[in-house]
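Spelled out, the chains give:
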Amino acid sequence: MQIETIYLPASLTVMHSRELLSKAESIIKLREKPAQINLDFSDVTVMDSAGALSVHHIQHQCAAKNIDCRLHNLSTEIEHSLKLFKIGDADSFEAPHKLGFFERLGHLSYEVYISIKDAIILMANISYFTFTAFFKPKLRRRGEVINQGVQIGVNALPIIALIAFLIGFILALQSAAQLRQFGANIYVADLVAIAMFSEMGPLITAIMVAGRTSSAIAAEVATMTVSEEIDALKVMGIDAIPYVIIPKLYAITISLPILATFANVVGIIGGMVIGVTYLDLEVLPFFNEVISVIRYKEIFIYLLKSVVFAFLITFTGAFHGFRVKGGAEGVGRSTTSAVVLAIFLVIVADSIIGLLFYFEG
Amino acid sequence: MAENPVIQVNQLSSGYENEVILEDVSLEIYANEVVAILGTSGCGKTTLLKNLIGLLPPFEGSVSLFGQNLTQLDEDEYYQLMRKTGVLFQHGALLNSISIYDNVAIPLEQHTKIPPFLADQLIYLKLQMVGLQKYANFLPSQISGGMRKRAALARSIILDPHILFADEPGAGLDPVTANNLDNLLLSLKQKLSMSMVIVTHEVASIKRIADRIVYLDNGNVLFTGSLQQAMQSDIKQIHNFFESAS
């Protein structure tokens, strides 16, 4: 009968279990298996739980291959540790398993379904309270509309001014060389005015506000959800949507058209700088041209866009804020998702409105 | 008592920025003993604990763990040393975004090269020891406060530490759960032959588990000795502490 003996090292701990297991495995996997494996503990002075589990594993492996595994020269302490560190009913242990393709697909579909359902319910609630909370100011947090207006509107002025100026400046710069070739210098005013009013002004403003405000709303609502403040409001008989969300919606709905108007004007000034310095235009004819080209339709479109964008920005912030899962990490995830979704929806809405009015003529 | 202390604190002064919280603190903790650091709120218990685990450098004096002075260790040596210790934070300090299983697996993944099946078994063993084997796949936010502490305990003992530090283990728990946690700590101490340093101000817990008491008052060690000696002490602050709790 072939007998193999493994002399275990002095320290049988988590740091040494790998070597022991591979040594034992190489013997168990031999083509000519030994009939018996002896594990000699005479040198072992320290054994931790990982060491004990390794020994149990070798015994199981041997049993599966019909090899007799014997333990020799065990001290009382080692024997005690082997008894102590033994796994009980392994059936009750649910080790994490990776999901298969269809499981993941199923989970994803269900998540999408729940998200759409939640989004529709939230959108309906926001729409309902937009009107009811207007006539019942008690539903809203007192002074919050002005407070939010300052945060969302006034504090955003400098960055929006800078961006709008640069956009107008670049639009004029890019078109100036071409227009000059045809002696159509004055049309740079038309180009900048139409571009700013119809597209760039409301869009750039909405993207900036989405970045600043949608994330702020999501972070605030998510933190309130995680720290049970929303539940606290509920048990006090206060609906969180009119109390927390609607003041923000009002503030954004008022601020965004004003900010967009401001962005349009500053953008046109940016274009004028190129017109005056590069195309030899004068200030007054430039502005006369701007005024002549802007119709009520352009003004209506950018105001409409601003109101739609305001709703979308508030909605995405609230949506991700209320759907937060987990703690601080969940708040971070909600914030990021809110910004991404807000910008995406703003651009989609901009395209749809643009298309609608393009065919209107 | 063993001859060489597991922890030796010599004339430690420490605090935050310019504020001195601990002054001239000296103490020794030996193998296999459970030492409770107690005192009223703001006396410097948690500051002392942070010094013992190297999270706060001392202004003066030294802290030695297993004979190694914490202030003289480089980063690698410090991390090597900390593998021999487990820390149970007041609120568990589990990572909320990952499951209990993954939380307990962190030290194994970072510090060892054991095969995955053995890691699974080890995690199961430790979760079984704290009675959470059925909650391996739950997120920390899906289990109760007491269970979170037990999960954090499983994480802190995954590498069979020689010493376990616990900051207010019973804080925020109901008396029954706190009692169970204390019993669990005691049973783990016996199974894993650990020393334990427990920061607490809960007298019931101290009575259950402490072999020795270190009483802090205004950043100074006012008393060290057994619970019996502490309860018979005629030091006013200690007398008041135990009197108000009974």
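About the criteria used
- Residues numbered from 1 in each chain as written.
- Chains lettered and ligands numbered in written order.
- Predicted model: local features only at pLDDT ≥ 70, side-chain atom pairs only at ≥ 80, totals over all residues.
- Heavy atoms only, no water.
- 1 Å grid on protein atoms, 1.4 Å probe; cavity = no way out; pocket = protein on both sides within 12 Å on 5 of 7 lines; lining within 4 Å.
- Points joined across faces, edges and corners; volume = space filled by probe spheres on them.
- Helix = DSSP H or I, 4+ residues; strand = E, 2+ residues; numbered from the N terminus.
- Contact = heavy atoms within 4.5 Å.
- Axes fitted to C-alpha atoms, helices over the stretch in contact; angles between N-to-C directions.
- Parallel < 35°, antiparallel > 145°, perpendicular 65-115°, else oblique.
- Left-handed = near helix turned anticlockwise from the far one by under 90°.
- Nonpolar A, V, L, I, M, F, W, Y, C, P; charged D, E, K, R; others polar.
- Pairing = 2+ DSSP bridges.
- Disulfide = S-S within 2.5 Å.
- Core = buried A, V, L, I, M, F, W, Y, C linked by side-chain atoms within 4.5 Å.
- Buried < 20%, exposed > 50% of the residue type's maximum accessible area, 1.4 Å probe, protein only.
- Polar contact = N/O pair within 3.5 Å; in protein donor to acceptor, adjacent residues only side chain to side chain.

Undergrad: Go over empty space enclosed by the protein with me, naming the residues and quoting the values.
TA: Residues and elements named next belong to chain A. Taken as a whole, this structure holds one cavity of 30 Å³ or more when the rule is applied. In this structure, the largest cavity encloses a volume near 40 Å³. The set of elements that each furnish at least two residues to the lining of the largest cavity consists of helix 1 (17-28) and helix 2 (49-64). Ranked by residue count, the leading element in the lining of the largest cavity is helix 1, at four residues.

Undergrad: With reference to specific residues and values, describe the side chain of Asn185(A).
TA: Position of Asn185(A) relative to the elements: it lies in the loop between helix 6 (157-181) and helix 7 (187-226). Dropping the residues within four chain positions of it, Asn185(A) is found in contact with Leu179(A), Arg180(A), Leu279(A) and Leu281(A).

Undergrad: Lay out the packing of helix 6 of chain A against helix 9 (residues 240-278) of chain A with the relevant residues and their values.
TA: Residue and element names in this part refer to chain A. It is the contact of helix 6 with helix 9, at a shortest axis distance of 7 Å, that shows an interaxial angle of 40 degrees. The angle between helix 6 and helix 9 falls in the class oblique. Remark: the crossing between helix 6 and helix 9 carries right-handed chirality. Contacts from Leu157, Ile160, Ala161, Ala164, Phe165, Gly168, Phe169, Ala172, Leu173, Ala176, Ala177 and Arg180 of helix 6 reach helix 9 at Leu259, Phe262, Ala263, Val266, Gly267, Ile269, Gly270, Gly271, Val273, Ile274 and Tyr278. Looking at the contact of helix 6 with helix 9, its residues break down into 18 nonpolar, four polar and one charged.

Undergrad: Lay out the sheet that holds strand 10 (residues 220-225) of chain B in plain terms, naming residues and giving numbers.
TA: Residue and element names in this part refer to chain B. Here six strands make up an open sheet; going across it, the order is 6-7-8-3-9-10 and the pairing mixed. Both outer strands of the open sheet, strand 6 (85-88) and strand 10, are each paired with one neighbouring strand and no more. The average undirected angle you get between the axes of adjacent strands in this sheet is 15 degrees. In the sheet, strand 7 (residues 163-167) pairs with strand 8 (residues 195-199) via five bridges, with the strands oriented parallel.

Undergrad: Please set out the state of the cysteines residue by residue, giving values where relevant.
TA: Enumeration according to the criterion identifies zero disulfides over all chains in this entry. Of the cysteine sulfurs around Cys62(A), a residue in no disulfide, the closest is that of Cys69(A), at 4.1 Å.

Undergrad: I'd like a rundown of the nonpolar core, residues and numbers included.
TA: Core analysis: the largest hydrophobic core is formed by 66 residues, its most contacted members being Leu39(A), Phe41(A), Leu108(B), Leu122(B) and Leu153(B). In terms of residue count, helix 4 (residues 116-129) of chain B provides more of this core than any other element does, seven residues in total. Once residues within four sequence positions are removed from consideration, Leu39(A) is found in contact with Ile6(A), Leu8(A), Val55(A), Ile58(A), Cys69(A), Arg70(A), Leu71(A) and His72(A). Core analysis: the second largest hydrophobic core is formed by 65 residues, Val221(A), Ala240(A), Ala260(A) and Tyr302(A) among them.

Undergrad: Tell me about the side chain of Ser215(A), and name the residues and values.
TA: All names here are of chain A. Within the element layout of this structure, Ser215 appears in helix 7. The exposure class assigned to Ser215 is buried, which follows from its relative accessible area of 14%. Among the polar contacts listed, one links the side chain of Ser215 to the backbone oxygen of Gly211, at a separation of 2.8 Å. Among all residues touching Ser215, those that are not within four sequence positions of it are Ala210, Thr335 and Val339.

The quantities given are spatial measurements derived from coordinates; they are silent on function.
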